[in-house]
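# Secondary and tertiary structure notes
Below are the chains, spelled out letter by letter.
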Amino acid sequence: MTTAEMTVTRDRAEPGAAVLEARHVTKEFVVRGNPFTRRGRRVVHAVDDVSLVLYAGRITALVGESGSGKSTFARLLAALHPLTGGEVVYRGEVVDAKGGKRFRDHVSRVQLILQDPFGSFNPVATIARTLLRAVRIHHKAASPAQRRSIIEDLLAQVSLRPAAQFTRKYPHELSGGQLQRISIARALAADPDVFLADEPVSSLDVSIRLGVLNLLRRLTEERRVALLYVTHDIASARYFAADTAVMYAGQLVEHGDSEQVTQNAAHPYTQLLIASAPDPSRAVENRVRDIGQPPSLIDPPSGCRFHPRCPFAMARCSEEAPPKFAVDDGQWARCWLYADDDEAAAGRAQNADLYGRGEIRRAGRPVPDGEL
Amino acid sequence: MAINVATVQEVESTDSVVSSRFGWLRAFRRPLTLTGVIIVAIFCVLAIIGPFIAPYDPSSVSKATLQPPSPEHWLGTTQTGQDILSQMLYGTQVSMIVGVLAAVFATVLSVVVGLAAGYLGGISDEILSLLANIFLVIPALPLTVILAAYLPKTGSFGIILVISITGWAWGARVLRAQTLSLRKRDFVEAARATGERTTSIIFRDIFPNQVAVIAASFLGTVTGAILTQASLAFLGLTNVTEWSWGTILYWAQVSSALLTGSWWWFVPAGAAIALLGTGLSLVNFGIDEFINPRLRQAGIGTRKAQRAQVRPTRLKAPRRSRREARASVSGGRTGDVILQINGLEVDYVGEGSTTKAVNDVTLTLRRGEVLGIAGESGSGKSTLAHAITRLHKPPAWISAGEMLYQRDDGTVVDILTMGDEELRRFRWEELAIVFQSAMHALNPILSIGKQIEDAITAHRPSMSASERAARVLELLDLVGIQTDRAGAYPHELSGGMRQRAMIAVGLALDPEIIVMDEPTTALDVVIQRQIVEKIIELKDRLGFSVIFITHDLSLLIEMSDTIAVMYAGRVVELADAKEFYRNPRHPYSRGLLGSFPTLSGPKRELAGIPGSPPDLRHPPSGCAFNPRCPLAFDRCTVVVPPLFALSGEAEWRQAEAACLLYEGGGTVPDRASVHETDERLIEEAR
C-alpha cells in the first residue's frame, strides 16, 4: 500500500457540489454579569443569520473587519462553538457534533487552519510529535513505520522536503511560512473535505504569502476540497477566491463572484472597504469621507447595521433590516439602495456619482428568505 | 517593549543549525545551576547511603560526652555521648524523605486541582478555586502545629500529610491561572480542531508547558517541607526519638547547647538545612532553561548580552569625520536636511555571536518629507526605528555610525553622543515616536487628556494650567478626537481612537520629526485610511517630517515622498515613491511589488519571491538577496553591492539601488530591456 493510497481514502464530492452549508447560522455569546441579580448580563450578537455554501474544489472568501464575526463563523462551521440558531449541513446531513465521537467525526471532515503559525504549535513539542498526534487520531490502524511515511508524505504535499529536516525541529526554529505549511500538513492528516482557513497568511511576510496561498489553491483543486478563506484583505480575495462574501457586524452584506464584488461592489460597505484599501494602482482619488466606527455587537443599530456610517442612508434604513437584493448575475447585496422605487433610485445615482461610475445601477430583485 | 522583543524574535526565529536533542544538557553550563545540582545530588546520595556509612549507632550513648569535633567523632558528640555525624547522616534520610514526599503529594494535589479548575472552567472551577482560597487564608503554621499535635506521633507519615495538606493551595492557584491563559492559546485550539480528546490536550499541550512552573513549585515545596519538619521537630511535635535534622536541633535546645557553647551540636543541622535550601533555589533559577527549548539556544539574557547593556554608548570611529559630515549636511541642495544618518550599524549581541540587524545604513530626511521604510520581518526596519530614537534595548547596541540632527538655528548635533538629559529633551520636543500598539504605549490608569498634559508639563514647566488645558483640547481636536472625550481612559476608546491619542501625545510639543513604527498595522483598513489621511493632513499643516515604517508597501507608496527598501539590515533601494512604483530597480523591490494583489485595473500575474528571508546569524555571502534572486550571477555571491546612483526622474532624491546590475553608472539598462530579461529569467527560474 502506498502512502498516497493511505492518505486519500474519502470518496470525493464532484467538483462544484455543495459540501458544507451554513443555514441561518446565529451565534450569541453571553457576557456574564452579576450571577445573583442577573444585572450586567449582556449578549454579544457575534454572528447573525448567516447562510453560506462551500463547494468542492472551490475557494470562497469571507471578507470583513476585525470584530465582524468572520472568525467566529469559521469556528462555528468547525463545531468548536455550539450554535445559538440555524444549522450547519454537511453533504445534505445536519451536523450534530455533540459528544466526543461525533465531534471528532466532524473535525475529521472539516479542518481549521489558524492565523498565527507561531502560536498554533505547542512550543515544547517537536514537529514530528505534533504531526504524529494528528496522524494517530486519523489513521488509527497504521503501524509506526506507516505513520512515519504518512508524515513524510504530508510534508511532501506541502512542499517541505526532505521531511527529516523539519520533523526534528521545535516550532521556534522554523520560519512563519514553514510553520504555516506544517499546519496545513496537520490539517491534511485528517484528509478533510473542507478547509476553513482563518487569515492563513496575514501574519506572514508579503513575499511568502503567495507561496502559501498557491499551495492552498493547489490542494483545493487536486483534492477537490472546499475552502473557506477568511480574510480582512479584499484584494487577496480578488486574486485567490472564486466567490467573495462580505461580512459586517455579524451579518453578510454582499456576496458574489470575486471579480464582480471587487470591481463592481454593490453594498456601500464593500465600496468603503475597497476605497480604503491601500492601492497605488488606483488611478483616480475617489475617497469617501468616513469617520465612523464598527458598531457595538451588544447593542447593534436597528434596521441595517451599517446605516449610521452609510453616506446613502435613507429613512427606512434605520427602521427595517434590508432583504437580499439580487443585483447582478449571482451577486446580491443586503441594501435598500436596490429597492425598486424613486428614493432608492436617487440614492443609486448619488452612489454612482460619488464613485465616479458612469453607469447607474438598476434596481435589484428581492430574494425570498428561503433561497440562498 | 513588545516591539523590541518581537524584533529579537524576528532575528532569532529563522532556521537554526543547532540540533536540540541534548540541548537541555547545555543548561549545566551556567555555573550557579551546576552548583545547585551538585549540592542537591550530594544530599540525595547521603540520604540513600547515610545509614550505611554512619560510623556509630546514632542513639547509642558513650562516655565521650559533649566532645568538640575530633578524629574519632568528626562532628563531636552530644551530652550523652552520641555521635553527631551519625545522627546527621540518619537525619538526612528522614528530612529528605519528608521533604520530597510532602512535596510530591502537595504538587500532585495542586496539579490536579489547578489543571482541572483552569481547563474545565465553569462550576468546577468555582468550587475548586473556593477550596484553594480557603486553604490559602488558613494560617498554615498554627494549623500545622495543631494537626501535628493531634496526629499520632509514630513515624513521619503524619508530618508528610500535614505538610502536603497545608502546602498545595498556592501551587494550585498559580497553575490554574497558567492553565487559563494556556487554554486560550492557538495551539490548544489547533489541537481541538484536529480532533484531540480533552485528556490528551491536558496531558500533552497544557501540562508540558507548565513543567517549569510545576518543577519550581515542587522544589520550593521541598525546601518548605524540610523547614516545616525541622520546626515541628524542634518544637517537639514529632517523634523525637527518630533522628532528623529537626530532632537534632530539638535535643540541642533541650540540653542547652547554646548556653554551654557546644556549637558543633546545632551548627551542622542548621548548615545542612541552609545549604540544601540554597542548592534547591539555585536549581530553581536554572530550571526554565532545562524545560524551554527556546531558552536553551537563545542568546538573550546571557551574560555577554548583559555586559553589552552596561557598556556605555561609546562608538567605533564613524566612517566619516564630523567635519565632512557637517559639510554634507549644510552644503548644496541638501540645505533643508533635518536628519542625516551615516553608516549606522546595530548589533544584537548573543552568546558567542553578533547579529548585525542594521548594517551600514545611510539615510537623509528633509523637512516636510515623508520617508517610508519598507521591509519584511527581520529586515531591521524596527531596529532602525528604535535606534533613531535611541530607545533600543539590550541585547541591541549601536556599534558604529552617527545620526546628525540639524536644529532650527542651524546647529548640528549627533544624537548618538547626547547625554541622558539632552536626549530626554530631544525626544518629544524635536522627535516624537508613535508605535504600533497604542494600547500598550498608553498608560491604562490615566485619562488620555491627562497623558497629553503630562507630556506638556514635563517639558514646559512654565506653562500655566489653563494654557495646558487649552493645548490638550487643541491637540485632541487636531487629531480628530471629540474634545469631550479628554477624560476617557484608553480602554474606553477604540483602536483607531487610541492611535489618534498616541499621535496627539506625539504632537504635544511640536516635534520636527515623528517616527512611526507600523502605526496602523493592528487597525482595519477603513480605520487605517482615516489615520493615514489625518497624518498627511497634519504634516501639511504643521510641517514636520515623518519616518514611516511598515511592511505594507502599497500603503507606503501611497503616502510617502521617498521610499527606502530594507533587506537583511541594509538599504537596497532608495527612490522617490512615484518613481519607485513606476520603475522599481532592485530585483527584491520588484519581487515585493509583484507580490501585492491589486484591487483596481486588470488582474496581473502575481510572482512572489521564492525562498524565505535570510537568517541574519548566517547571512549569505555577497548580496544577501542572491539565493532568492532570479537575476543573480556569479559575482553576486562575492561582492556586497553598494548603492549605485540611477537615472530617471527625481523630485526628492535621485534613485539608488544596491544591485550589481546597475554597476558602472552609465551602463544602467533602461526599464524595458531589464523588464524583458526579468520576465524571461523569472520564467526560466520557475
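Residues numbered from 1 in each chain as written. Chains lettered and ligands numbered in written order. Predicted model: local features only at pLDDT ≥ 70, side-chain atom pairs only at ≥ 80, totals over all residues. Heavy atoms only, no water.

### Here we look at the packing of helix H2 (residues 31–53) of chain B against helix H3 (residues 84–120) of chain B
All names here are of chain B. We apply this condition: Lines are fitted to the C-alpha atoms to define the axes, a helix being fitted only along its stretch in contact, and any angle between axes, read from their N-to-C directions, falls within 0 to 180 degrees. A run of H or I in DSSP counts as a helix once it spans at least four residues, and a run of E counts as a strand once it spans at least two, with each numbered from the N terminus. For classification purposes, angles smaller than 35 degrees are called roughly parallel, those larger than 145 roughly antiparallel, those between 65 and 115 roughly perpendicular, and all remaining angles oblique. By convention the crossing between two helices is left-handed if the near helix lies anticlockwise of the far one by an angle smaller than a right angle, and right-handed if it lies clockwise. The contact definition used throughout considers only heavy atoms, calling two residues in contact when any of these lie within 4.5 Å.
In contact at an axis separation of 7 Å, H2 and H3 are set at 130 degrees when each is read in the N-to-C sense. Compared by their axis directions, H2 and H3 come out oblique. Of the two possible hands of crossing, H2 and H3 adopt the one that is left-handed. Across the interface between the two elements, Phe43, Cys44, Leu46, Ala47, Ile48, Gly50, Pro51 and Ile53 of H2 pack against Leu89, Tyr90, Thr92, Gln93 and Met96 of H3.

### Looking at the packing of helix H7 (residues 176–188) of chain A against helix H8 (residues 206–223) of chain A
To describe two helices that pack against each other, one gives the angle between their axes and the distance between the axes. Residue and element names in this part refer to chain A. Spelled out, the test is: Gly is placed with the polar residues, together with every amino acid not listed as nonpolar (Ala, Val, Leu, Ile, Met, Phe, Trp, Tyr, Cys and Pro) or charged (Asp, Glu, Lys and Arg).
Closest axis-to-axis distance for the H7/H8 pair is 10 Å, and the angle between their directions is 15 degrees. Relative to H8, the element H7 is oriented roughly parallel. Every pair of crossing elements has a handedness; the one defined by H7 and H8 is right-handed. Between H7 and H8, the residues in contact are Gly177, Gln180, Arg181, Ile184 and Leu188 and Ile208, Gly211, Val212, Leu215, Leu216, Leu219 and Arg223, respectively. The residue makeup of the contact of H7 with H8, split by class, is 7 nonpolar, 3 polar and 2 charged.

### A look at a nonpolar patch on the surface
Residues and elements named next belong to chain B. Note the following rule: Patch construction takes residues with relative accessible area above 30% that form no salt bridge. Like charges are linked within 9 Å, and nonpolar side chains (Val, Leu, Ile, Met, Phe, Trp, Tyr) are linked within 5 Å. Working definition of accessibility: Shrake-Rupley area with a 1.4 Å probe, residue cover restricted to the visible protein chains. When a carboxyl oxygen of Asp or Glu is within 4 Å of a side-chain nitrogen of Lys or Arg, the pair counts as a salt bridge.
A cluster of nonpolar side chains, namely Ile97, Val100, Leu101, Val104, Phe105, Val108, Val112, Phe157, Leu161 and Ile165, defines an oily patch on the protein surface of about 800 Å² accessible area. Every element with two or more residues in the nonpolar patch is listed here: H3 and helix H6 (157–183). Here the nonpolar patch gets 7 residues from one element, more than from any other, and that element is H3. Structurally, the position occupied by Val112 is in helix H3.

### Focus on the interface of chain B and chain A
To keep things clear, this is the line we draw: What counts as buried area is the accessible surface, traced by a 1.4 Å probe, that two parts surrender upon association, with contributions from both included. Here a polar contact is taken to be a pair of N or O atoms separated by no more than 3.5 Å, where protein atoms must pair a possible hydrogen donor with a possible acceptor and residues adjacent in sequence count only if both atoms sit in side chains.
With 69 residues of chain B at the interface, the matching set in chain A holds 66 residues. For the pair chain B and chain A, the two sides together bury roughly 6,000 Å², of which 51% comes from carbon and sulfur. Considering only the surface of chain B that becomes buried against chain A, Thr194(B), Leu599(B) and Lys603(B) emerge as the three largest contributors, covering 12% of it. The interface formed by chain B and chain A includes 4 salt bridges. A salt bridge links Glu196(B) to Arg133(A); its shortest N-O distance comes to 3.0 Å. Taken together, the links from chain B to chain A amount to 26 residue pairs in polar contact (both at pLDDT 80 or more). Per-element tally for the side of chain B that touches chain A: the top contributor is helix H7 (residues 186–194) of chain B, with 8 residues. Class assignment for the residues of the side of chain B that touches chain A results in 25 nonpolar, 22 polar and 22 charged.

### Looking at unusual backbone geometry
Residue and element names in this part refer to chain A. Omega for the bond connecting Arg161 with Pro162 falls within 30 degrees of zero, at -10 degrees, which places this linkage in the cis form. Here Pro162 shows up in the loop between helix H5 (144–157) and helix H6 (164–167). In this model, Ala249 sits at a positive phi of 50 degrees, which is unusual for a non-glycine residue. Mapped onto the elements, Ala249 comes out in the loop between strand S9 (243–248) and strand S10 (251–257).

### Points about the packing of aromatic side chains
Residues and elements named next belong to chain B. Counted only if it meets this: Only centres within 6.5 Å qualify two rings of Phe, Tyr or Trp (six-membered ring in Trp) as a pair; their planes then separate them into stacked at under 30 degrees, edge-to-face at over 60, and tilted for everything else. Only protein chains enter the accessibility calculation, which uses a 1.4 Å probe; a residue is then buried when its area is under 20% of its type maximum, exposed when over 50%, and partly exposed in between.
One pass over the full model with this rule turns up 13 aromatic pairs over all chains. Summarising the aromatic geometry, the rings of Tyr250 and Trp251 are spaced 5.2 Å apart at their centres and angled 70 degrees between planes, so their arrangement reads as edge-to-face. Owing to a relative accessible area of 31%, Trp251 belongs among the partly exposed residues under this scheme. Their ring planes at 65 degrees and their centres at 5.2 Å tell us that Tyr588 and Phe625 sit as a pair that is edge-to-face. Note that Tyr588 is positioned in helix H25 (residues 587–595) and Phe625 in the loop between H25 and strand S11 (644–645), a separation of 37 residues in sequence.

### Describing the domain arrangement of chain A
All names here are of chain A. Going by this rule: Domain segmentation is taken from an automatic or database assignment of domains.
The assigned domain composition of chain A is domain 1 (3–240) and domain 2 (264–366). A C-alpha centroid distance of 32 Å is found between domain 1 and domain 2. On the domain 2 side, the residues contacting the 11 residues of domain 1 number 11 residues. Buried surface at the junction of domain 1 and domain 2, summed over both partners, amounts to about 980 Å²; 59% is from carbon and sulfur atoms. The three residues of domain 1 that bury the most area against domain 2 are His45, Glu65 and Ile234, which together make up 49% of that side's buried surface. The residue Asp48 makes a salt bridge to Arg305 at a minimum N-O spacing of 3.1 Å. In terms of residue count, the dominant contributor to the side of domain 1 that touches domain 2 is strand S2 (residues 42–55) (7 residues). Classifying every residue of the side of domain 1 that touches domain 2 by side-chain character gives 5 nonpolar, 2 polar and 4 charged.

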